[in-house]
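Listed below are the residues making up each chain.
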Amino acid sequence: MARPRAFDEKQVLNAVREQFWDGGYAATSTEDLMRVSGLGKGSLYAAFGSKRQLFLRALHSYTDDAHGHLRKALAEAPRAVDALRMLLEAPIGEGARRGCLMANSTCELGNADPEVLRHAHRTYETSTTLIADCVTRAQREGDVPAGADPITLARALLAAQQGIVFMSRTGLDTATLTSTARSLAAQLLPDHSGD
């Protein structure tokens, strides 16, 4: 009979995910993974497979969590248009300097690893769908013109948000990033309340 695992798999995956997020895939060594997980090499790879398999598991857990947070944030806003505007300002602040693990990984590995590229595509399609559903809600609430295509606007909002994420990685100050995000929001989501 196999012995039960003496570690919390989710806790290990979270620790490993943080390491890959901070260091990137190539710069993260097996020793780094052993240090942050608290597991020996044999235990780590017996449980999760190779470094690449462990990375892919960590990346999938990141995008699952990110979609859960996005779904919740979009659904809980009293008005959908406020949630859409918040989407542009969300990646501003000290924690945003790390960027998005999915975007970072796509930049690092997308050309060399087709599985990472496929996962990135699925991730952005899922994000687009979630945002488009919120756009549709904003249309019902009268804050976004009925003639706007929800998918097209969702892609524009996602592209703008990822641009803010990238700009935050360059070290731009919070005031500049906030001003940029608000300018994008004003252009993509103009106030129609007086129409």
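Residues numbered from 1 in each chain as written. Predicted model: local features only at pLDDT ≥ 70, side-chain atom pairs only at ≥ 80, totals over all residues. Heavy atoms only, no water.

(A) Expanded view of the packing of aromatic side chains. For the structure on display, the rule yields 4 aromatic pairs. On the basis of an interplanar angle of 80° and a centroid distance of 5.1 Å, the ring pair of F20 and F55 is categorised as edge-to-face. Separated by 35 residues along the polypeptide, F20 in helix 1 (residues 9–23) and F55 in helix 4 (residues 51–76) bring together distant segments of the chain. Since its relative accessible area comes to 3%, F55 is described here as buried. Among the aromatic side chains, those forming a connected cluster through ring pairs are F20, Y25 and F55. (Phe/Tyr/Trp six-rings, centres within 6.5 Å; stacked < 30°, edge-to-face > 60°. Helix = DSSP H or I, 4+ residues; strand = E, 2+ residues; numbered from the N terminus. Buried < 20%, exposed > 50% of the residue type's maximum accessible area, 1.4 Å probe, protein only.)

(B) Structural context of the environment of T129. Note on placement: T129 falls in helix 7 (residues 114–140). Between the C-alpha atom of T129 and that of L158, which follows or precedes it by 29 residues, the distance is 11 Å.

(C) Just the pattern of salt bridges, in detail. Going through the model one piece at a time under the given rule, you end up with 13 salt bridges. Here E125 and R155 are joined by a salt bridge, their closest N and O atoms 3.0 Å apart. Of this pair, E125 sits in helix 7 while R155 sits in helix 8 (residues 150–169), placing them 30 residues apart in sequence. Owing to a relative accessible area of 40%, R155 belongs among the partly exposed residues under this scheme. (Salt bridge = Lys/Arg side-chain N within 4 Å of Asp/Glu carboxyl O.)

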